[in-house]
Amino acid sequence: MSSFKQRMDEARGLVKIDMVLRRARLVNVFSGEIHETEIGIHEGNFVGIGKFSEAEKELDLCGKYVVPGLIDGHVHIESSLLCPEEFCSLLLSHGVTTAVVDPHEIANVLGVKGIRYILDSTDPLPFNTFVALPSCVPATDLETSGARLGAKDLTEFLPHPKVIGLGEVMDYLAVIEAKSNMVEKLELPVRFMDGHAPGISSQDLNAYFLAGIHTEHECSTVEEVRERLRRGFHVMLREGSAAKNLLDLLPAVTSENAGQCLLVTDDRHPRDLILEGSIDHLVRLAIGAGRDPIQVIQMATINAARAIGLPHLGAVAPGYQADFVILEDLNQFDIKEVYWRGMKQSGGGNRRRERPRFPRFSIKGLTESVHLANWSLNKLNVSAGTELEATHAMVRVIGVQEHSLVTSALIRKLPVEHGFVQTAPTQGIAKIAVLERHHETGKVGIGFVEGLGLKNGAIASTVAHDSHNLVVVGMSDEEMNLAIQTCVEMGGGLCLVDKDQVIGKLPLPIAGLMTDQEVEAVAQTLDELHKKAHLLGISEKVDPFMTLAFLSLPVIPELKLTDLGLVDVDRFRLTETVL
């Protein structure tokens, strides 16, 4: 029998197949209905729905729901602090069988070596990992990153079957002004190009779309969603750990335009992944907000597959890959079992999940990423200027805002001792420093920050978007220095110091961004660090390490600090700390 005839007979239910799901209630993402049927699976793919007489394995679902495997259309693995193997295992337990990852963070540290690690470590896993090559390494010229990637550097990855797109194009000015280095990237032969253009004018949005960028995950208002939908964009409704936009944007989704909308997490932290989940969490949020469950599931499956160009994923239908989730309750999205290519990967329900345990890929060559040149304590000094007898100085201060990545540009009067500007505990103003850690340049940016709440001690991290230099905030230079030295000794990670003691730390040896520990251990350590950070005075309304990581991101207003100095983001230039 020819292979074609064999496939026809399998689909018609005339021959024995690998597996049949009986008495399934299929959530059909094509017809927008729920109907009882049998589902046939053979050699990792769905052969059809209807009736199938014989199978090696039969599974009676007794009326449970079947939905396609969930798809996260845009996520950074590094933001979870987990190695790729642990991240994919965790996602499988939450019904996510596909993720489009942008290795932007690790590429800013390790360049092509970081991209290769993500591809190699995920390749053998029973999980669909697709890569959107990072388009902006570095993100800006106002900081020092570990690498600089042009179109030629990215070309070597194009033959890889998992490489399908160009990652979020943050430098939209380079796009609409047709700068040559960006045009070269936009001309790479990939399936899709991911957008990142908050605040772009509606007229410039025309050019941005015309350049071939057809997705966007940075909408924060209903009007921004509508502007993009009107031009043909696929809008990614995001609910991460840092940016939470889903419920604010849902009113823009209608029955007429829902096919252009999909769900993404962007950045998700370990504790949130364990307690809430991934895309399944977004599904529950949307259903809980009163949206039709079938429409929401479409946004989490087939819409994502179509937006990104994955024609074999996102549906339970003939010829589609047999990735699916079995649910006990549709409205609660209560996951019972998860299958990838017809093979069970996870089970146990929402409250108590089993998940696969994957062997770790070698991290050799990825752990030596923190290099400081000729470091000394006096590099933390901030000169008050030429007036040696001055007792105070007027200083630009970064103002932290609750539940926001946006900071304020403040002017404060700070004390001066022996010619150097000091912290002001009574005003809640601490010192902040960003140390270049990639090329041993010795560059250090120094500034001051208000609103973090720190009363004593120091907090440090090598997770600092986007270039991931070493960032530290403290009330004394000595405490800051101890935190810096601890991060160096760990080869990267998170650290808390109180007086002359290290009171908590989480090593992140993989590029100073990730660990190969299991998620439960990572989440427990993070919980302990957060509690200790609050004891140091950091407000409970502020996520200490998340806030720290974004204080060095010079693309979000108003005032930020990089290793090159204080950045006036609105004017996109460096500015003086002391006035």
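Residues numbered from 1 in each chain as written. Predicted model: local features only at pLDDT ≥ 70, side-chain atom pairs only at ≥ 80, totals over all residues. Heavy atoms only, no water.

**What to know about the overall build of the protein**
Right, on to step 1. Looking only at helices and strands, one finds 17 helices and 28 strands in the protein.
Right, on to step 2. Its C-alpha radius of gyration of 25 Å places the protein within 12% of the 25 Å reference for a compact globule of 579 residues.
Right, on to step 3. The C-alpha extent of the protein, read off along each of the three principal axes, is 95 × 50 × 45 Å.
Right, on to step 4. Taken across its 579 residues, the protein has 60% of its residues classed as buried.
Right, on to step 5. For the protein, restricting intrachain contacts to residue pairs at least 6 apart in sequence, the fraction spanning at least 24 positions comes to 67%. (Helix = DSSP H or I, 4+ residues; strand = E, 2+ residues; numbered from the N terminus. Rg over C-alpha atoms; globule rule 2.2 N^0.38 Å. Buried < 20%, exposed > 50% of the residue type's maximum accessible area, 1.4 Å probe, protein only. Contact = heavy atoms within 4.5 Å.)

**Re the packing of helix H8 (residues 202–210) against helix H9 (residues 222–231)**
Right, on to step 1. Contact pair H8 / H9: the axes reach a minimum separation of 10 Å and the direction vectors enclose 45°. Taken together, the axes of H8 and H9 are oblique relative to one another. Every pair of crossing elements has a handedness; the one defined by H8 and H9 is right-handed. Across from Ser 202, Leu 205, Asn 206 and Phe 209 in H8, the residues of H9 making contact are Glu 227, Arg 228 and Arg 231. (Axes fitted to C-alpha atoms, helices over the stretch in contact; angles between N-to-C directions. Parallel < 35°, antiparallel > 145°, perpendicular 65-115°, else oblique. Left-handed = near helix turned anticlockwise from the far one by under 90°.)

**Description of helix H16 (residues 519–535)**
Right, on to step 1. Over its 17 residues, H16 runs 24 Å from end to end, which matches the ideal 24 Å to within 8%, given 1.5 Å per residue.
Right, on to step 2. Looking at H16, one finds that the buried residues are Val 519, Val 522, Ala 523, Thr 525, Leu 526, Leu 529 and Ala 533. The buried side chains of H16 occupy one side of the element, clustering within an arc of 165° when seen end-on. Exposed positions of H16 whose direction lies more than 90 degrees from the buried face are Gln 524, Lys 531 and Leu 535.
Right, on to step 3. At its buried positions, H16 is contacted by helix H2 (84–93), helix H11 (270–275), strand S24 (493–498), strand S25 (501–507) and helix H17 (544–550).
Right, on to step 4. Where H16 terminates, the next one or two residues include Gly 537, which has phi positive at roughly 110°. (Expected span 1.5 Å × (residues − 1). Arc of directions from axis to C-beta.)

**Description of the packing of aromatic side chains**
Right, on to step 1. Scanning all chains against the criterion turns up six aromatic pairs.
Right, on to step 2. Between Tyr 117 and Phe 361, the aromatic rings sit 6.3 Å apart at their centres with planes inclined by 50°, giving tilted as the arrangement. Pair noted here: Tyr 117 is in helix H4 (residues 112–122) and Phe 361 is in the loop between strand S16 (343–347) and strand S17 (392–400), with a separation of 244 residues, a long-range link.
Right, on to step 3. Ring centres of Tyr 208 and Phe 233 lie 6.5 Å apart, and the angle between their planes is 25°; this geometry places the pair in the stacked category. (Phe/Tyr/Trp six-rings, centres within 6.5 Å; stacked < 30°, edge-to-face > 60°.)

**Looking at the UniProt feature "domain: Amidohydrolase-related" (unreviewed entry) in the protein**
Right, on to step 1. UniProt annotation of "domain: Amidohydrolase-related" (unreviewed entry) refers to residues 65–342 when read in the numbering used here.
Right, on to step 2. In residues 65–342, the share of helix is 35% and the share of strand is 20%. The end C-alpha atoms are 16 Å apart. (UniProt positions renumbered as here; feature names shortened; annotations may be inferred.)

**Re a nonpolar patch on the surface**
Right, on to step 1. Where nonpolar side chains cluster on the molecular surface, the patch consists of Met 394, Ile 411 and Leu 579 and spans about 270 Å² of accessible area.
Right, on to step 2. By the secondary structure assignment, Ile 411 is in strand S18 (residues 407–417). (Patch = residues over 30% accessible without salt bridge, like charges linked within 9 Å, V, L, I, M, F, W, Y side chains within 5 Å. Areas by Shrake-Rupley, 256 points an atom, 1.4 Å probe, with all protein chains shown as cover. Salt bridge = Lys/Arg side-chain N within 4 Å of Asp/Glu carboxyl O.)

**Section: the UniProt feature "domain: Adenine deaminase C-terminal" (unreviewed entry) in the protein**
Right, on to step 1. The UniProt record marks residues 405–572 with the feature "domain: Adenine deaminase C-terminal" (unreviewed entry), using the residue numbering of this structure.
Right, on to step 2. A helix fraction of 23% and a strand fraction of 34% characterise residues 405–572, whose end C-alpha atoms lie 17 Å from each other.

**A look at the domain arrangement of the protein**
Right, on to step 1. Domains assigned within the protein are domain 1 (4–63), domain 2 (70–307) and domain 3 (377–574).
Right, on to step 2. Inter-centroid distance (C-alpha atoms) of domain 1 to domain 2 is 32 Å.
Right, on to step 3. Counting residues at the interface gives seven residues for domain 1, matched by six residues for domain 2.
Right, on to step 4. Between domain 1 and domain 2, the buried area comes to about 490 Å², and carbon and sulfur atoms account for 78% of it.
Right, on to step 5. Sorting the residues of domain 1 by area buried against domain 2 places Val 27, Val 29 and Phe 30 first, and these three jointly supply 76% of that buried surface.
Right, on to step 6. Inspection of the region where domain 1 meets domain 2 yields one residue pair in polar contact (both at pLDDT 80 or more).
Right, on to step 7. Contributing elements (two or more residues each) for the side of domain 1 that touches domain 2: strand S1 (17–28) and strand S2 (33–42).
Right, on to step 8. Residue composition of the side of domain 1 that touches domain 2, by class: four nonpolar, two polar and one charged. (Domains from an automatic or database assignment. Buried area = accessible area lost by both parts, 1.4 Å probe. Polar contact = N/O pair within 3.5 Å; in protein donor to acceptor, adjacent residues only side chain to side chain. Nonpolar A, V, L, I, M, F, W, Y, C, P; charged D, E, K, R; others polar.)

**Focus on the side chain of Asp 568**
Right, on to step 1. Tracing the sequence through the fold places Asp 568 in strand S27 (residues 565–568).
Right, on to step 2. From its side chain, Asp 568 meets the backbone nitrogen of Asp 570 in a polar contact 3.2 Å long.
Right, on to step 3. Non-local contacts of Asp 568, meaning those with residues more than four positions away in its chain, are made with Glu 558, Leu 559, Arg 573 and Thr 575.

**Looking at the pairing of S25**
Right, on to step 1. Here S24 pairs with S25 via six bridges, running antiparallel. Along S25, the bridge assignment pairs Leu 494 with Leu 506.
Right, on to step 2. Where S24 folds back onto S25 in an antiparallel hairpin, the turn is made up of two residues, including Lys 499, whose phi is positive at roughly 60°. (Pairing = 2+ DSSP bridges.)

**Quick look at the environment of Val 567**
Right, on to step 1. With respect to the secondary-structure elements, Val 567 resides in strand S27.
Right, on to step 2. Along the backbone, Val 567 and Leu 142 are 425 residues apart, and their C-alpha atoms lie at a distance of 7.5 Å.

**Concerning the sheet that holds strand S28 (residues 573–575)**
Right, on to step 1. The antiparallel open sheet is built from three strands, whose spatial order is S26-S27-S28. Only two strands of the sheet have a single neighbouring strand rather than two, namely strand S26 (559–562) and S28. Each strand axis lies, on average, 45° off the axis of its neighbour in the sheet, ignoring direction.
Right, on to step 2. Summarising the sheet, S27 and S28 pair through three bridges and their orientation is antiparallel. Paired with Leu 566 across the strands is Thr 575, a residue of S28.

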